[in-house]
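Take a look at the letters that make up each chain.
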Amino acid sequence: AQSVTQLDSQVPVFEEAPVELRCNYSSSVSVYLFWYVQYPNQGLQLLLKYLSGSTLVKGINGFEAEFNKSQTSFHLRKPSVHISDTAEYFCAVTSSGGSNYKLTFGKGTLLTVNP
Amino acid sequence: EAGVVQSPRYKIIEKKQPVAFWCNPISGHNTLYWYRQNLGQGPELLIRYENEEAVDDSQLPKDRFSAERLKGVDSTLKIQPAELGDSAVYLCASSPSGRTNTGELFFGEGSRLTVL
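Cut-offs used in this document
- Residues numbered from 1 in each chain as written.
- Chains lettered and ligands numbered in written order.
- Predicted model: local features only at pLDDT ≥ 70, side-chain atom pairs only at ≥ 80, totals over all residues.
- Heavy atoms only, no water.
- Helix = DSSP H or I, 4+ residues; strand = E, 2+ residues; numbered from the N terminus.
- Rg over C-alpha atoms; globule rule 2.2 N^0.38 Å.
- Buried < 20%, exposed > 50% of the residue type's maximum accessible area, 1.4 Å probe, protein only.
- Contact = heavy atoms within 4.5 Å.
- Lys, Arg positive; Asp, Glu negative; His and termini not counted.
- Charge placed at Lys NZ, Arg CZ, Asp CG, Glu CD.
- Disulfide = S-S within 2.5 Å.
- Buried area = accessible area lost by both parts, 1.4 Å probe.
- Salt bridge = Lys/Arg side-chain N within 4 Å of Asp/Glu carboxyl O.
- Polar contact = N/O pair within 3.5 Å; in protein donor to acceptor, adjacent residues only side chain to side chain.

Visitor: For this particular structure, what's the right way to read the overall build of chain A?
Guide: Within chain A, the secondary structure is distributed over zero helices and twelve strands. Helices (α) and strands (β) of chain A occur, in sequence order from the N terminus, as β-β-β-β-β-β-β-β-β-β-β-β. For 115 residues, the compact-globule formula gives about 13 Å, and the C-alpha radius of gyration of chain A, at 14 Å, lands near that figure. By its C-alpha atoms, chain A is 45 × 30 × 20 Å across when sized along the principal axes. Every one of the 115 residues in chain A was classed for burial, and the buried ones make up 45%. Across chain A, every contact between residues at least 6 apart in sequence was considered, and the portion connecting residues at least 24 apart equals 56%. Of the side-chain charges in chain A, 8 are positive and 8 negative, and the distance between the mean point of each set is 12 Å.

Visitor: Would you mind showing me how to read the state of the cysteines here?
Guide: Formally, a disulfide is one covalent bond, and it connects the sulfur atom of one cysteine to the sulfur atom of another. All names here are of chain A. Tallying each qualifying case throughout the model produces two disulfides over all chains. Disulfide partner of Cys23: Cys91, at an S-S distance of 2.0 Å. Judged by the sign of its S-S torsion, about -65 degrees, the cystine formed by Cys23 and Cys91 is left-handed. In this pair, Cys23 sits in strand E4 (residues 23–26) while Cys91 sits in strand E10 (residues 87–95), placing the two residues 68 residues apart along the sequence.

Visitor: Any chance you could explain the interface of chain A and chain B here in plain terms?
Guide: Listed per partner, the contact involves 20 residues of chain A and 23 residues of chain B. Across the chain A to chain B interface the summed buried area is about 1800 Å²; carbon plus sulfur atoms make up 50%. If you sort the residues of chain A by the area they bury against chain B, Asn41(A), Tyr101(A) and Lys102(A) come out on top, with a joint share of 29%. The tally of links between chain A and chain B comes to two salt bridges. Asp56(B) serves as the salt-bridge partner of Lys102(A), at 3.7 Å between the closest nitrogen and oxygen. Viewed at the interface, chain B and chain A are joined by six residue pairs in polar contact (both at pLDDT 80 or more).

Next up, the structure:
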(Lines give C-alpha, C1' and ligand atoms only; values in the text may rest on other atoms or scores of the structure.)
Protein backbone atom coordinates (compact mmCIF):
# COMPACT_ATOMS: atom_id res chain seq x y z
CA ALA A 1 0.00 0.00 0.00
CA GLN A 2 1.09 3.57 -0.64
CA SER A 3 0.51 6.81 1.22
CA VAL A 4 1.06 10.48 0.48
CA THR A 5 1.81 13.35 2.82
CA GLN A 6 1.39 16.92 1.68
CA LEU A 7 3.26 18.90 4.26
CA ASP A 8 1.42 22.21 3.87
CA SER A 9 -2.35 22.49 3.94
CA GLN A 10 -2.24 26.14 2.83
CA VAL A 11 0.39 28.19 0.99
CA PRO A 12 -0.22 31.92 0.49
CA VAL A 13 2.08 33.75 -1.92
CA PHE A 14 2.17 37.02 -3.79
CA GLU A 15 1.77 37.22 -7.53
CA GLU A 16 4.99 36.65 -9.51
CA ALA A 17 6.71 35.03 -6.53
CA PRO A 18 8.10 31.48 -6.75
CA VAL A 19 6.29 28.66 -5.01
CA GLU A 20 7.03 25.10 -3.90
CA LEU A 21 4.35 22.66 -2.78
CA ARG A 22 5.80 19.73 -0.91
CA CYS A 23 4.85 16.09 -1.29
CA ASN A 24 6.34 13.00 0.34
CA TYR A 25 5.22 9.46 -0.36
CA SER A 26 5.61 6.05 1.21
CA SER A 27 5.75 2.83 -0.77
CA SER A 28 7.52 -0.53 -0.65
CA VAL A 29 7.45 -0.83 -4.45
CA SER A 30 8.28 1.35 -7.42
CA VAL A 31 5.79 4.12 -8.03
CA TYR A 32 4.26 6.49 -10.50
CA LEU A 33 3.64 9.99 -9.15
CA PHE A 34 1.15 12.66 -10.16
CA TRP A 35 0.14 16.21 -9.38
CA TYR A 36 -3.46 17.23 -9.98
CA VAL A 37 -5.05 20.68 -9.70
CA GLN A 38 -8.65 21.35 -8.68
CA TYR A 39 -10.25 24.73 -9.29
CA PRO A 40 -13.36 25.62 -7.26
CA ASN A 41 -16.37 23.46 -8.06
CA GLN A 42 -14.49 21.51 -10.68
CA GLY A 43 -12.98 18.06 -11.02
CA LEU A 44 -9.30 17.24 -10.90
CA GLN A 45 -7.05 18.05 -13.83
CA LEU A 46 -3.63 16.50 -14.38
CA LEU A 47 -0.71 18.92 -14.06
CA LEU A 48 2.14 16.48 -14.58
CA LYS A 49 3.26 12.93 -13.97
CA TYR A 50 6.43 10.97 -13.33
CA LEU A 51 6.55 7.49 -14.79
CA SER A 52 10.26 6.90 -15.44
CA GLY A 53 13.34 8.54 -16.94
CA SER A 54 14.32 12.11 -16.13
CA THR A 55 13.55 13.01 -12.55
CA LEU A 56 12.61 16.57 -13.53
CA VAL A 57 9.14 16.59 -15.01
CA LYS A 58 7.53 19.56 -16.71
CA GLY A 59 3.79 20.01 -16.84
CA ILE A 60 1.14 22.45 -17.92
CA ASN A 61 0.89 26.10 -16.89
CA GLY A 62 4.64 26.38 -16.20
CA PHE A 63 4.71 23.89 -13.33
CA GLU A 64 7.47 21.34 -12.82
CA ALA A 65 8.25 18.68 -10.23
CA GLU A 66 11.31 16.71 -9.26
CA PHE A 67 11.26 13.07 -8.26
CA ASN A 68 13.73 12.29 -5.49
CA LYS A 69 13.79 8.58 -4.76
CA SER A 70 16.18 8.76 -1.82
CA GLN A 71 14.02 11.36 -0.08
CA THR A 72 10.75 9.83 -1.35
CA SER A 73 9.62 13.26 -2.43
CA PHE A 74 7.92 14.79 -5.45
CA HIS A 75 7.77 18.54 -4.81
CA LEU A 76 5.92 20.84 -7.20
CA ARG A 77 7.43 24.17 -8.21
CA LYS A 78 6.66 27.23 -10.28
CA PRO A 79 9.12 30.12 -10.68
CA SER A 80 6.48 32.84 -10.96
CA VAL A 81 2.82 32.36 -10.03
CA HIS A 82 -0.27 34.12 -11.33
CA ILE A 83 -3.57 34.94 -9.70
CA SER A 84 -5.12 32.24 -11.86
CA ASP A 85 -2.96 29.58 -10.16
CA THR A 86 -5.11 29.89 -7.03
CA ALA A 87 -6.49 26.37 -6.55
CA GLU A 88 -6.17 23.15 -4.56
CA TYR A 89 -3.25 20.92 -5.53
CA PHE A 90 -3.15 17.19 -4.91
CA CYS A 91 -0.20 14.83 -5.02
CA ALA A 92 -1.01 11.20 -5.84
CA VAL A 93 0.87 7.90 -6.02
CA THR A 94 0.29 4.46 -7.47
CA SER A 95 2.45 1.37 -7.78
CA SER A 96 4.07 1.09 -11.17
CA GLY A 97 3.80 -2.69 -11.45
CA GLY A 98 0.99 -4.35 -13.35
CA SER A 99 -1.89 -2.57 -15.06
CA ASN A 100 -4.41 -2.15 -12.28
CA TYR A 101 -3.69 1.31 -10.97
CA LYS A 102 -5.19 2.67 -7.78
CA LEU A 103 -4.29 6.29 -7.11
CA THR A 104 -3.82 7.30 -3.49
CA PHE A 105 -4.13 11.04 -2.93
CA GLY A 106 -2.74 13.40 -0.36
CA LYS A 107 -5.01 15.76 1.54
CA GLY A 108 -4.22 18.65 -0.74
CA THR A 109 -2.52 22.04 -0.53
CA LEU A 110 -4.52 25.19 -1.07
CA LEU A 111 -2.41 27.67 -3.02
CA THR A 112 -3.65 31.25 -2.71
CA VAL A 113 -1.99 33.83 -4.93
CA ASN A 114 -2.49 37.39 -3.73
CA PRO A 115 -2.02 40.56 -5.82
CA GLU B 1 -13.13 14.22 -27.35
CA ALA B 2 -15.82 14.39 -24.69
CA GLY B 3 -14.63 14.11 -21.11
CA VAL B 4 -16.12 12.22 -18.19
CA VAL B 5 -19.72 13.34 -17.69
CA GLN B 6 -21.43 13.26 -14.32
CA SER B 7 -24.91 14.18 -13.16
CA PRO B 8 -26.37 15.77 -11.21
CA ARG B 9 -23.77 18.44 -10.37
CA TYR B 10 -25.52 19.32 -7.13
CA LYS B 11 -28.01 17.44 -4.97
CA ILE B 12 -29.57 18.44 -1.66
CA ILE B 13 -31.58 15.84 0.22
CA GLU B 14 -32.81 15.15 3.71
CA LYS B 15 -31.24 12.36 5.72
CA LYS B 16 -32.68 8.89 5.19
CA GLN B 17 -33.61 9.74 1.60
CA PRO B 18 -32.07 7.85 -1.34
CA VAL B 19 -29.84 9.47 -3.95
CA ALA B 20 -28.19 8.32 -7.15
CA PHE B 21 -25.32 9.64 -9.21
CA TRP B 22 -24.61 8.85 -12.83
CA CYS B 23 -21.32 8.77 -14.72
CA ASN B 24 -20.43 8.33 -18.36
CA PRO B 25 -16.70 7.73 -18.88
CA ILE B 26 -14.53 8.72 -21.81
CA SER B 27 -15.28 6.56 -24.82
CA GLY B 28 -13.00 3.52 -24.91
CA HIS B 29 -11.99 3.72 -21.27
CA ASN B 30 -12.64 0.32 -19.74
CA THR B 31 -11.71 1.27 -16.18
CA LEU B 32 -14.09 3.39 -14.14
CA TYR B 33 -13.62 4.72 -10.61
CA TRP B 34 -15.87 6.32 -8.02
CA TYR B 35 -14.09 8.51 -5.49
CA ARG B 36 -15.50 10.42 -2.53
CA GLN B 37 -13.97 13.76 -1.57
CA ASN B 38 -14.83 15.14 1.84
CA LEU B 39 -14.42 18.85 2.49
CA GLY B 40 -10.77 19.78 2.77
CA GLN B 41 -9.57 16.28 1.95
CA GLY B 42 -8.19 14.40 -1.02
CA PRO B 43 -10.31 11.95 -3.00
CA GLU B 44 -10.70 8.45 -1.56
CA LEU B 45 -11.51 5.45 -3.72
CA LEU B 46 -14.92 3.85 -3.22
CA ILE B 47 -14.98 1.35 -6.08
CA ARG B 48 -13.14 0.47 -9.28
CA TYR B 49 -14.59 -1.30 -12.30
CA GLU B 50 -12.84 -3.14 -15.09
CA ASN B 51 -15.55 -3.23 -17.76
CA GLU B 52 -18.64 -4.43 -15.88
CA GLU B 53 -16.74 -6.17 -13.06
CA ALA B 54 -16.15 -4.47 -9.71
CA VAL B 55 -12.52 -5.41 -9.05
CA ASP B 56 -11.96 -3.27 -5.94
CA ASP B 57 -14.88 -2.35 -3.69
CA SER B 58 -13.13 -2.78 -0.38
CA GLN B 59 -13.77 0.86 0.62
CA LEU B 60 -17.43 0.94 -0.38
CA PRO B 61 -19.77 1.01 2.67
CA LYS B 62 -21.93 -1.83 1.48
CA ASP B 63 -24.67 -1.38 4.05
CA ARG B 64 -25.93 1.75 2.31
CA PHE B 65 -23.89 2.23 -0.86
CA SER B 66 -24.27 0.30 -4.08
CA ALA B 67 -22.91 0.73 -7.57
CA GLU B 68 -23.43 -0.84 -10.94
CA ARG B 69 -21.97 -0.75 -14.41
CA LEU B 70 -24.23 -3.17 -16.21
CA LYS B 71 -22.99 -2.82 -19.80
CA GLY B 72 -19.44 -1.85 -18.99
CA VAL B 73 -19.94 1.78 -20.03
CA ASP B 74 -21.86 4.18 -17.81
CA SER B 75 -22.22 3.65 -14.08
CA THR B 76 -24.56 4.56 -11.23
CA LEU B 77 -23.66 5.05 -7.58
CA LYS B 78 -26.52 4.88 -5.10
CA ILE B 79 -26.83 5.75 -1.43
CA GLN B 80 -29.83 4.50 0.51
CA PRO B 81 -30.53 5.79 3.06
CA ALA B 82 -28.29 8.85 3.12
CA GLU B 83 -26.74 10.03 6.37
CA LEU B 84 -25.42 13.45 7.36
CA GLY B 85 -21.85 12.18 7.04
CA ASP B 86 -22.39 11.33 3.38
CA SER B 87 -22.21 15.01 2.45
CA ALA B 88 -19.26 15.17 0.06
CA VAL B 89 -18.31 15.46 -3.59
CA TYR B 90 -18.58 12.19 -5.50
CA LEU B 91 -16.06 12.05 -8.31
CA CYS B 92 -16.12 9.68 -11.22
CA ALA B 93 -12.94 8.98 -13.17
CA SER B 94 -11.94 6.73 -16.03
CA SER B 95 -8.77 5.42 -17.60
CA PRO B 96 -7.81 3.17 -20.49
CA SER B 97 -6.77 -0.41 -19.82
CA GLY B 98 -3.77 -2.39 -20.91
CA ARG B 99 -0.61 -0.96 -22.39
CA THR B 100 -2.04 2.51 -22.90
CA ASN B 101 -2.77 2.85 -19.21
CA THR B 102 -0.15 4.97 -17.43
CA GLY B 103 -2.04 5.35 -14.20
CA GLU B 104 -3.45 8.74 -15.15
CA LEU B 105 -7.09 9.19 -14.25
CA PHE B 106 -9.48 11.48 -16.10
CA PHE B 107 -12.01 13.04 -13.76
CA GLY B 108 -15.49 14.39 -14.19
CA GLU B 109 -16.60 17.61 -12.51
CA GLY B 110 -18.14 15.75 -9.61
CA SER B 111 -21.53 15.56 -7.92
CA ARG B 112 -21.80 17.60 -4.75
CA LEU B 113 -24.14 16.02 -2.21
CA THR B 114 -25.54 17.90 0.77
CA VAL B 115 -27.51 15.88 3.31
CA LEU B 116 -29.67 17.94 5.68
